[in-house]
Amino acid sequence: MARRSRSDDPADDLSVGELIDGPTQALTPVIRAAVPADPDPEATRDLSGPGAALTGERRAGEDPSRTATGQPVPATRARVELSRMPAAGPLYRRALLNALPGLGGRRSDGVPAVELAVGGEPVDPERLAAYDRVCGFRLADQLPGTFPHVMGFPLALRLITAPEFPIPLTGVVHVGNRISVHRPVTVADRLNFTTWAENLRPHDRGRQVDVVLVASVGGKEVWRGVSTYLGRQGTPGDGERRDRGERSAPPATTGSWRVAPRVGTDYARVSGDHNPIHTSKLGARLLGFPRPIAHGMWSKARCLAALENRLPETYTVDVAFKLPVPLPGTVAFSTRKSGSGWDFSLHDQRGRPHLTGTIR
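Worth saying up front: this structure is predicted, and the values here are computed from it rather than measured.

The rules we used
Residues numbered from 1 in each chain as written. Predicted model: local features only at pLDDT ≥ 70, side-chain atom pairs only at ≥ 80, totals over all residues. Heavy atoms only, no water. Helix = DSSP H or I, 4+ residues; strand = E, 2+ residues; numbered from the N terminus. Buried < 20%, exposed > 50% of the residue type's maximum accessible area, 1.4 Å probe, protein only. Areas by Shrake-Rupley, 256 points an atom, 1.4 Å probe, with all protein chains shown as cover. Axes fitted to C-alpha atoms, helices over the stretch in contact; angles between N-to-C directions. Parallel < 35°, antiparallel > 145°, perpendicular 65-115°, else oblique. Contact = heavy atoms within 4.5 Å. Nonpolar A, V, L, I, M, F, W, Y, C, P; charged D, E, K, R; others polar. Salt bridge = Lys/Arg side-chain N within 4 Å of Asp/Glu carboxyl O. 1 Å grid on protein atoms, 1.4 Å probe; cavity = no way out; pocket = protein on both sides within 12 Å on 5 of 7 lines; lining within 4 Å. Points joined across faces, edges and corners; volume = space filled by probe spheres on them. Phe/Tyr/Trp six-rings, centres within 6.5 Å; stacked < 30°, edge-to-face > 60°. Pairing = 2+ DSSP bridges. Polar contact = N/O pair within 3.5 Å; in protein donor to acceptor, adjacent residues only side chain to side chain.

Moving on to the overall build of the protein chain. Across its full length, the protein chain carries seven helices and 13 strands. When burial is assessed residue by residue, the protein chain has 53% of its 360 residues classed as buried. Accessible surface, the protein chain: about 16400 Å² in total, of which carbon and sulfur atoms supply 52%.

Turning our attention to the packing of helix H2 (residues 125–135) against helix H7 (residues 296–306). Packing of H2 against H7 brings their axes to within 9 Å, and their N-to-C directions diverge by 85°. If you check the angle between H2 and H7, you find them roughly perpendicular. On H7, the residues that touch Tyr131, Val134 and Cys135 of H2 are Trp298, Ala301, Arg302 and Ala305. The class makeup of the residues in the contact of H2 with H7 is six nonpolar, no polar and one charged.

Here Leu159 shows up in helix H3 (residues 147–160). Residue Leu159 is classed as buried on the basis of its relative accessible area, which comes to 0%.

According to the stated counting rule, one finds 13 salt bridges in the structure shown. Taking the shortest distance from any N to any O, the salt bridge between Arg77 and Glu198 comes out at 3.8 Å. Residue Arg77 is found in the loop between strand E2 (72–73) and strand E3 (78–81), and its partner Glu198 is found in strand E6 (residues 190–203); the two are separated by 121 residues along the sequence. Residue classification places Arg77 among the buried residues on the basis of a relative accessible area of 2%. Glu198 gets classed as buried once you look at its relative accessible area, which sits at 1%. A salt bridge links Asp189 to Arg183, with the nearest nitrogen and oxygen atoms 3.1 Å apart. A relative accessible area of 29% places Arg183 in the partly exposed class. Residues participating in the shared-partner salt-bridge network are Arg79, Glu81 and Glu115.

Before going further, it helps to examine empty space enclosed by the protein. Taken as a whole, the largest cavity spans an internal volume of roughly 80 Å³. Forming the walls of the largest cavity are His149, Phe153, Ala156, Asn177, Val211, Leu213, Trp223, Gly225, Val226, Ser227 and Tyr229. Counting residues per element, the lining of the largest cavity draws most heavily on strand E8 (residues 220–232), at five residues. Here the lining of the largest cavity is composed, by residue class, of seven nonpolar, four polar and no charged.

With that settled, the discussion passes to the environment of Leu82. On the secondary structure map, Leu82 appears in the loop between E3 and helix H1 (88–98). Under the relative-accessibility criterion, Leu82 is labelled buried at 6%. Sequence separation of Leu82 and Leu116 is 34 residues, and the distance between their C-alpha atoms is 7.1 Å.

Evaluated as defined, the whole model comprises four aromatic pairs. Ring geometry for Tyr131 against Phe147: centres 5.1 Å apart, planes inclined by 65°, an arrangement best described as edge-to-face. Here Tyr131 is found in helix H2, whereas its partner Phe147 is found in helix H3, with 16 residues between them in sequence. Judged by relative accessible area, which is 0%, Tyr131 ranks as buried.

What follows concerns the sheet that holds strand E12 (residues 341–347). Whether parallel or antiparallel, the strands of a sheet pair through hydrogen bonds between backbone atoms. Here we have eleven strands laid out as an open sheet, ordered E3-E4-E6-E7-E8-E5-E10-E13-E12-E11-E9, and mixed in their pairing. Both outer strands of the open sheet, E3 and strand E9 (255–259), are each paired with one neighbouring strand and no more. Strand-to-strand twist in this sheet, taken as the mean axis angle between neighbours without regard to direction, amounts to 20°. One ladder, built from six bridges, connects strand E5 (residues 173–181) with strand E10 (residues 315–321); its direction is antiparallel. Counted as the bridge partner of Val181 is Tyr315 from E10.

Attention now goes to the side chain of His278. One can find His278 in helix H5 (residues 276–279). On the basis of relative accessible area, His278 is assigned to the buried category, the value being 11%. For His278, the side chain forms a polar contact with the main-chain oxygen of Ile293, separated by 2.8 Å. Excluding anything up to four places from it in sequence, His278 contacts Gly264, Thr265, Pro292, Ile293, Ala294, His295 and Leu327.

Within helix H4 (residues 263–271), seven of the nine residues are buried, leaving the element largely enclosed by the surrounding structure. The set of residues buried in H4 consists of Val263, Gly264, Asp266, Tyr267, Ala268, Val270 and Ser271. Check the buried side of H4 and you find it contacts H2, H3, E9, H5 and H7.

Here's what the structure looks like:
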């Protein structure tokens, strides 16, 4: 059976690690052309070791393509085939080490000219069942739309923790996530994952970048996710700004969920995302919160689970993460039919949004 599910209010002003206003931008197309037929062995080695760097060269004489915001992207990404899915633990340790003064170095002004790939990842039925329970999905052989994200998350984490990545993992804010399900994915599928970064752009609070994660079966894309991350900087950027105008009244509440304290640790266990801001009181306090906050992707999955019996076989679910959900806490879920799709949101007891989203 699917399980559905006062606290100190989150601060009105944003602090490091908080989920903020700002929709995910439209994604740029996949750049698949111009991968070298005989790549440099140094560029295709297994980069799962903690000291490895990501490298890639643009083909001579070829102009870079442009993102929707006019930012250049590499005309060629070196494709790096990893022999296995990276382990998340060493990557988190590397990120903490790089955060120490004098060890992190200066961040790049562009995205790494590389895409990382891992082939033939099987679906673990026990992990899938545990994920379904934590997020409120019914137990089934078909994967929830958000589950490939957790399967491929270590690969994306490997990219984000590379020295060449423009935003350090420590203090990064996940501001948006867009997932497109092109066909149902089941436990019988073995997924090939590819990830890369694109669309680095300024923001009023720093810089934003999109991390694309694609899952394919038999050479055909079946799922795509894009996470937009904000790296806060002391000097504001010149890009998107947070809307500080009056908020509209929250929509009528469809349901109210009590979010238990263990949601942070339970979701960390099934997702592999062990950021201490979600699992540790001390970790949360070090980042400015009185207690842990729920993972943004748990909140998205929980909303998707509430609409599970209304989802078509193919759809795109797009969310903007706003105020964090404190643990424990109570959230109001709202949904409204919009044409052939849905609009939905989570709000706190004062009507302030935690998350807004659409399904189309």
